[in-house]
Amino acid sequence: MYDRLWSEDALAAATSTLSVDARKRAEKDAHKKALKAEAAEAKAAQTIASSKVYIKRVERNKRKYVTAVSGLEAFGLENKKVAKDFGKKFATGSSVTKLASGGEEIVVQGDVSEEIEEFLLEKYDVIPEDNIELIEDKKKKKDTGAGG
């Protein structure tokens, strides 16, 4: 059935019955589709080039830290799988949390920001070294009002 409908001979016979205008239209449409595909590919490459991975060290208590990693989804990586890899590699708890801005970030227990940077560069080739940014963040203490 497939050979009868879509083989080279069948397609050639079907296109030979098209009028000259229809052939030109078909060629034009094929050319447009090729251009659109090229533009989409270039846009995807541009998005990857301009995207950044942010690795933040956040102070939780006096001497306890968590490391937050965001921006991985721009490189086509799944946060859950990467979080699981982090947990295995660093023998810590790691989870995916939703941000207020609508994105997701991976939270890893412990101060492993430099190690995460090395691990990302080593394991995931799609992330260029220039696109990883380390940020140190200190959590602000809440005012309790009257101190005593």
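Residues numbered from 1 in each chain as written. Predicted model: local features only at pLDDT ≥ 70, side-chain atom pairs only at ≥ 80, totals over all residues. Heavy atoms only, no water.

A. Layout of the nonpolar core. Grouped together as the largest cluster of nonpolar side chains are 19 residues, with contacts concentrated most on Val 53, Leu 72, Phe 86, Ile 116, Leu 120 and Ile 127. Looking at this core, the elements that each hand over two or more residues are β1 (53-59), α4 (79-90), β4 (104-109) and α5 (113-123). In this structure Leu 120 touches Val 53, Ile 55, Leu 72, Phe 86, Ile 127 and Ile 132, once residues within four positions along its chain are discounted. (Core = buried A, V, L, I, M, F, W, Y, C linked by side-chain atoms within 4.5 Å. Buried < 20%, exposed > 50% of the residue type's maximum accessible area, 1.4 Å probe, protein only. Helix = DSSP H or I, 4+ residues; strand = E, 2+ residues; numbered from the N terminus. Contact = heavy atoms within 4.5 Å.)

B. Structural context of the environment of Lys 98. Inspection of the secondary structure assignment puts Lys 98 in strand β3 (residues 94-98). A relative accessible area of 71% means that Lys 98 is categorised as exposed. If we ignore the near neighbours within four places in the chain, the residues touching Lys 98 are Gly 103 and Glu 104.

C. Expanded view of the pairing of strand β2 (residues 65-70). Burial runs high along β2: 5 of the 6 residues are buried. Taking the residues between adjacent antiparallel strands as the criterion, β1 and β2 are bridged by 5 residues. Pairing analysis gives 5 bridges linking β2 to β4, with the strands arranged antiparallel. Pairing of Ala 68 across the sheet is with Val 107, part of β4. (Pairing = 2+ DSSP bridges.)

D. Region of interest: a negative patch on the surface. A cluster of acidic residues, Glu 114, Glu 115, Glu 118 and Glu 122, forms a negative patch at the surface. Residue position: Glu 114 is located in helix α5. (Patch = residues over 30% accessible without salt bridge, like charges linked within 9 Å, V, L, I, M, F, W, Y side chains within 5 Å. Areas by Shrake-Rupley, 256 points an atom, 1.4 Å probe, with all protein chains shown as cover. Salt bridge = Lys/Arg side-chain N within 4 Å of Asp/Glu carboxyl O. Lys, Arg positive; Asp, Glu negative; His and termini not counted. Charge placed at Lys NZ, Arg CZ, Asp CG, Glu CD.)

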